[in-house]
Amino acid sequence: MEKIKANSHYCIHFGSVKEFYEATREDNMEQLADAIYRCVHPSKKEITETAKNSSEYLSWMKSLPDFAFLLFSPNEYHKAVEEDKKRFDAVIDDLVSSIKDLADERFNAVGFMGEPTVPLIKSDFNSKIDGSVPGLKEIIQTDDVTQKLKLDSGVDIFLEYPLSTGKNGQPFRCDVILHRRDNKGNENYVIIDLKQYTEGFTPNDLTHIQNQIHYPDHLKAEKPDANVAFYFYQHIQMYNNGYFFNLIRTMDGYEEKKDRLGVYTRAYCGNLINRLNALL
């Protein structure tokens, strides 16, 4: 791990995925979070308990170990996600069953409506529960991995990389940038923004999201000969194609960037790694 200067500000750099992974293990993660904090807030003389309990600091503590695990051991990560999905499905199945049991009692209690009417209502209710209720069965799935997931060696990792553009005197910062020079000499960069949003929580003020979808343009301006892509990774959410997906698709500037901008949820970690392998 090293502190390096970029665009008159500082960020953290790792020379390999393994180095990044080791720095994010439990015994080391607080030291890394402190180092990141000093890069982002150079004027702060000390890191207070208030700072350590801030959403910014806590997000580093939670998201970076998870993403490092994905990069370093993608197959093991994917297995863990599959286990998460099994537990998740079991809970949802129990919930759906309970709702149907309650529905049976309710529909039986209104038998006075007549036989032609009651089955129709109940059938319509059950079809909605089985197939169309957001957050239940329709979008809980994981990707199928048909190849061994890996990330090639020679990958540089930058944390809180400061772009040359910004707002209110402060640079826009990228959560994670992955970089690799391929065997043809091409410089390839992938910006990853780690979101702890779920279907139940996305902030009301999304101005920063509109700024973020232009990060590839800012980095491309700094490195005009490089290939640049950008992805959001919702590393907590299991639902795919939910609210945040639709939100991104409706934002100004999405259309011209959709070939190098997208959203992945935890359940699609395999697809994300395969994409990174292809780009880097």
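Basis of the calculations
- Residue numbers here run from 1 along each chain, matching the order of that chain's written sequence.
- With the structure being a predicted model, the display of local features is reserved for residues of pLDDT at least 70 and the display and counting of side-chain atom pairs for 80 or more, all residues being used for whole-chain, interface and lining totals.
- Heavy atoms from the whole structure form the basis of all side-chain values; hydrogens and water molecules are not counted.
- Numbering of helices and strands starts at the N terminus; helices are DSSP runs of H or I of at least 4 residues and strands are runs of E of at least 2.
- Relative accessible area decides the class of each residue, using a 1.4 Å probe on protein chains only: under 20% of the type maximum gives buried, over 50% gives exposed, and in between gives partly exposed.
- Think of it as the arc spanned by the lines of direction from the helix axis to the C-beta atoms.
- Contacts are assigned to residue pairs with any non-hydrogen atoms lying within 4.5 Å of each other.

A.B. asks: Just give me the short version of unusual backbone geometry, but keep the residues and values in it.
C.D. replies: Backbone geometry places Ser8, a non-glycine residue, at a positive phi of 70°. For Asn168, which is not glycine, the phi torsion reads 55° and is therefore positive. By the secondary structure assignment, Asn168 is in the loop between strand E3 (156–167) and strand E4 (170–181). Given the relative accessible area of 73%, Asn168 is considered exposed.

A.B. asks: Now, about the environment of Phe201: what can you tell me, with residues and values included?
C.D. replies: Residue placement: Phe201 occurs in the loop between strand E5 (187–195) and helix H7 (207–212). Taking C-alpha positions, Phe201 is 10.0 Å from Gln237, a pair spaced 36 residues apart along the chain.

A.B. asks: Break down helix H8 (residues 215–222) for me, with residues and values.
C.D. replies: Tyr215, Pro216, His218 and Leu219 are the residues of H8 that are buried. Buried residues of H8, viewed axially, fall in a sector of 160°; they line one side. Elements that come into contact with the buried residues of H8 comprise E3, E4, E5, H7 and strand E6 (227–234).

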